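A look at the structure
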Amino acid sequence: IPAQDIRNFSIIAHVDHGKSTLADKLLELTGTISLHQSHQQVLDKLNVERERGITIKAQTCSMFYKYKGKEYLLNLIDTPGHVDFNYEVSRSLAACQGSILLVDASQGIQAQTAANFWLAFNQDLPILPVINKIDLESANTKSVISQIENSFGLDTTDICLISAKLGINIDKILPKVIEKIPHPNGDINKPLKAFLFDSWYDTYVGVVCLMAIVDGKLQKGDKIVSAYSELKYEVSDIGIMYPEQVPTGYLHAGQVGYAILSMKVAAEAHIGDTFYHYKCPVEPLPGFEPAKPMVFAGIFPVDANEFNKLDESIKKLTLNDASVSVQKETSMALGQGWRIGFLGTLHMDVFQQRLEEEYDASVIVTQPTVPYKIVYRDGKSKFVRNPSEFPDPDEMSYNVVELQEPMVMATIILPNDYMGVIMDLCGGKRGEQVDYNSLDEHRVMMRYTLPLSEIVTDFHDELKSRSSGYASFDYEDMGYKASDVVKMNLLINKKPVDALAAILHRSQVQIVGRDWAKRLSEVIPKQLYEVAIQTAIGGKVIARETISALRKNVTAKCYGGDVTRKMKLLEKQKEGKKKMKMIGNVELPQKAFYDFLSKG
Ligand code: GTP
């Protein structure tokens, strides 16, 4: 099929606006899946999704479609559905020549609609607006049309109004895709330039890469090289997604499909990477970035005996997920564990959940930290991803000129009535308003710069609860900014507990310091001595709680008589002791850390 008869497009939408339903309907319409298959299809994909971790995806798929007597090859390129994966969305868009912007007729433009629109717009992609769910009684199509015109400046003269669920006007979409979206501009006679935009790990065949062939031709048996890693691979299978992998033996310029290379782990497939034929290097496509974890946390087994098992489980999980980074970490308080980097907090939550559910592990996760940048007197700088690497007060005063923290640009869309409470929330999180526009008479779109560290904790939950669920939120990277951050230690009888240190902004030290001391004092069992819990910055104490002493005499309850019962109790107490950690002279059960950190 010549490149003129190919269209590569994506559907971008806010969560739940109907992207998967529409994709399924397009596959049905083109006969790519049969009607009774479509249900089955969804089920199959869920399995694959589970396998590949959290990239919550519909499907990347090829379709054949006859229009005005000519057959076209249409490639629907899927984009991940969550803000943690903005980079991946931008790479998926880089493999397309246009996008369908799908908006729910009853919900209107939401934060992810806007964020995805800007990603596509900045890549100069033509954008076809489509309004979905016109069957709903609460549909407000007119207002949504004017939102699209006013906020995005898109032409809505012959906008498609559809119901993906009921199949209304689905047939109007593909003719528009063919007419309004340009064909890919590749040259089959030029040296190979292949663009990797997605990948996953398949238990049977290994790493599957999705590629867009920009120039040239890629064939089974070809030897190719990654422009980023310079590693060499051989193509063992290649073809199109129709809707499953269908081998074709080759892909040529303009086409999109899968390729199986001899890659061992998903981490070798760098999204955004360019491949070329061995000994035929080409200029790589712009915009590539290696995976950049932005949220780091320590993960430790609740039971130290589980270390090896957990190590295996973490290895298996990361085999599937190229975007996590893993390093071993040793904590005085929590023992052996790992420092794991994630793209965002959803990514982190899902990782933890999968460890617990699929691998039956109980883990302690420390307070997440974003990467802070330390700028030294000699102009050099370094990133700190763990409070234990934070410069000590001496080093700070002699050697450090500036501390910087990562910032984001957040887009928040919400009903007018909640503006006050949400502005308070953003202000309390050190946010600064950048602009503010009315979407219609009921809703506004606000943009704020916020420190990333403030939104990796409870920002999203707070936003939802304070707006009764009506506010939506998305963000993008904004680089680093100077910031007055400090390291706070938690001390138990004057001994700092490494796993409980945190880096925070000076303005929050008082509130967080008091809260932490109080919460820690609530989870530490009484000891034979009095125990002092303090939070401190350097030598300066911020807050203190005291746990009074208790002589714990378990046998006192036994009235002397029953010896076996007494033995059992003593035995039990010994068991309990084994799981205790000594911090200074204080005995701590690992569970105290778990309780403290999971209630955070
Ligand atoms: P994510 O996969 O979470 O990103 O959502 P999505 O955008 O893929 O949405 P999905 O297709 O899963 O649809 C979300 C919900 O909206 C489902 O319950 C669909 O049945 C429903 N839905 C989709 N299209 C329509 C429509 O045209 N009308 C109505 N009434 N409901 C629809």
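Rules used in this analysis
Residues numbered from 1 in each chain as written. Predicted model: local features only at pLDDT ≥ 70, side-chain atom pairs only at ≥ 80, totals over all residues. Heavy atoms only, no water. Near = heavy atom within 4 Å. Polar contact = N/O pair within 3.5 Å; in protein donor to acceptor, adjacent residues only side chain to side chain. Areas by Shrake-Rupley, 256 points an atom, 1.4 Å probe, with all protein chains shown as cover. Helix = DSSP H or I, 4+ residues; strand = E, 2+ residues; numbered from the N terminus. Nonpolar A, V, L, I, M, F, W, Y, C, P; charged D, E, K, R; others polar. Pairing = 2+ DSSP bridges. Contact = heavy atoms within 4.5 Å. Axes fitted to C-alpha atoms, helices over the stretch in contact; angles between N-to-C directions. Parallel < 35°, antiparallel > 145°, perpendicular 65-115°, else oblique. Left-handed = near helix turned anticlockwise from the far one by under 90°. Core = buried A, V, L, I, M, F, W, Y, C linked by side-chain atoms within 4.5 Å. Buried < 20%, exposed > 50% of the residue type's maximum accessible area, 1.4 Å probe, protein only. Phe/Tyr/Trp six-rings, centres within 6.5 Å; stacked < 30°, edge-to-face > 60°. Lys NZ or Arg CZ within 6 Å of the ring centre and 35° of its normal. Salt bridge = Lys/Arg side-chain N within 4 Å of Asp/Glu carboxyl O.

1. Notes on the site of the ligand
The local shell around the ligand holds 15 residues, among which Lys 19, Ser 20, Thr 21, Asp 135 and Ala 164 are the closest. Between the ligand and the protein, one listed contact pairs an oxygen atom with a backbone N or O atom of His 17 at 3.4 Å. At a separation of 2.5 Å, an oxygen atom of the ligand approaches a polar side-chain atom of Thr 21. Protein chains bury 73% of the 650 Å² of accessible surface belonging to the ligand in isolation. When residues in the shell around the ligand are grouped by element, the largest group, three residues, is from helix H1 (residues 19-29). Its residues assigned to classes, the shell around the ligand comprises three nonpolar, seven polar and five charged.

2. Here we look at the sheet that holds strand S6 (residues 160-161)
Backbone hydrogen bonds hold the strands of a sheet together, and the pairing may be parallel or antiparallel. Strand order in this open sheet of six strands is S2-S3-S1-S4-S5-S6, and the pairing throughout is mixed. If you trace the sheet from one side to the other, it starts and ends with strand S2 (61-67) and S6, each paired once. As paired elements, strand S1 (residues 6-13) and strand S4 (residues 98-104) share five bridges and run parallel to each other. The partner of Ala 13 across the bridge, within S4, is Leu 102. Across the sheet, helix H6 (residues 173-180) lies against S1, S2, strand S3 (70-76), S4, strand S5 (127-132) and S6, angled at about 90° from S2, the strand it touches most.

3. Section: the packing of helix H13 (residues 509-523) against helix H15 (residues 590-598)
Running from amino to carboxyl end, H13 crosses H15 at an angle of 140°, the nearest separation of the two axes being 9 Å. Of the possible angle classes, the one that applies to H13 and H15 is oblique. Handedness of the crossing formed by H13 with H15: right-handed. Here Trp 516, Arg 519, Leu 520 and Val 523 of H13 come into contact with H15, specifically with Ala 592, Asp 595 and Phe 596. Tallied by class, residues from the contact of H13 with H15 come to five nonpolar, no polar and two charged.

4. Some points on the nonpolar core
By size, the foremost hydrophobic cluster in this structure holds 50 residues, and its most contacted members are Phe 351, Ile 412, Ile 422 and Phe 459. It is strand S22 (residues 400-415) that contributes the most residues to this core, six residues altogether. Once residues within four sequence positions are removed from consideration, Phe 459 is found in contact with Ile 412, Leu 425, Cys 426, Lys 429, Leu 450, Glu 454 and Phe 473. Grouped together as the second largest cluster of nonpolar side chains are 32 residues, Ile 364, Trp 516, Ala 543 and Val 586 included.

5. Here's the deal with the packing of aromatic side chains
Inspection of every chain in the model, using the stated rule, returns 15 aromatic pairs. On the basis of an interplanar angle of 50° and a centroid distance of 4.7 Å, the ring pair of Tyr 228 and Phe 288 is categorised as tilted. Here Tyr 228, found in the loop between strand S10 (223-226) and strand S11 (232-241), pairs with Phe 288, found in the loop between strand S15 (274-277) and strand S16 (295-301); they are 60 residues apart in sequence, far enough to count as distant. For Tyr 228, a relative accessible area of 39% puts it in the partly exposed group. Connected via pairs of aromatic rings, a cluster forms that spans Phe 117, Trp 118, Phe 121 and Phe 152. Across the ring face of Phe 596, the terminal group of Arg 519 is positioned such that the distance to the ring centre comes to 4.6 Å.

6. Digging into unusual backbone geometry
Geometrically, the link from Tyr 242 to Pro 243 is a cis peptide bond, its omega value of -20° lying close to zero. Tracing the sequence through the fold places Pro 243 in the loop between S11 and strand S12 (245-247). Phi is positive for Ser 468, close to 50°, though the residue is something other than glycine. Residue position: Ser 468 is located in the loop between helix H12 (459-466) and strand S25 (472-482).

7. Details of the pattern of salt bridges
What the rule picks out here adds up to 19 salt bridges. Its salt-bridge partner being Lys 133, residue Asp 104 comes within 3.2 Å of it at the nearest N-O pair. With Asp 104 in strand S4 and Lys 133 in the loop between S5 and helix H5 (141-152), this residue pair connects regions lying 29 residues apart in the sequence. Two residues, Lys 429 and Asp 458, come together in a salt bridge whose shortest N-O distance is 2.9 Å. Linking Lys 429 in the loop between helix H10 (419-428) and strand S23 (432-438) with Asp 458 in the loop between helix H11 (452-455) and H12, this pair joins segments that are 29 residues apart in sequence. A network of salt bridges, in which partner residues are shared, links Asp 311, Lys 315 and Lys 328.

8. Some words on the pairing of strand S17 (residues 325-331)
Judged from the seven bridges that link them, S17 and strand S18 (residues 335-342) form a sheet pairing that is antiparallel. Bridge assignment links Glu 329 to a residue of S18, and that residue is Gly 337. Hairpin connection, S17 to S18: the antiparallel pair is bridged by three residues.

9. Some remarks on the sheet that holds S18
The sheet built from four strands is open, its strands ordered S17-S18-S16-S19 with antiparallel pairing. Because the sheet does not close on itself, it has two edges, and the strands there are S17 and strand S19 (363-365). Ignoring strand direction, the axes of neighbouring strands in this sheet form an average angle of 30°. By the bridge criterion, three bridges tie S16 to S19 in an arrangement that is antiparallel.

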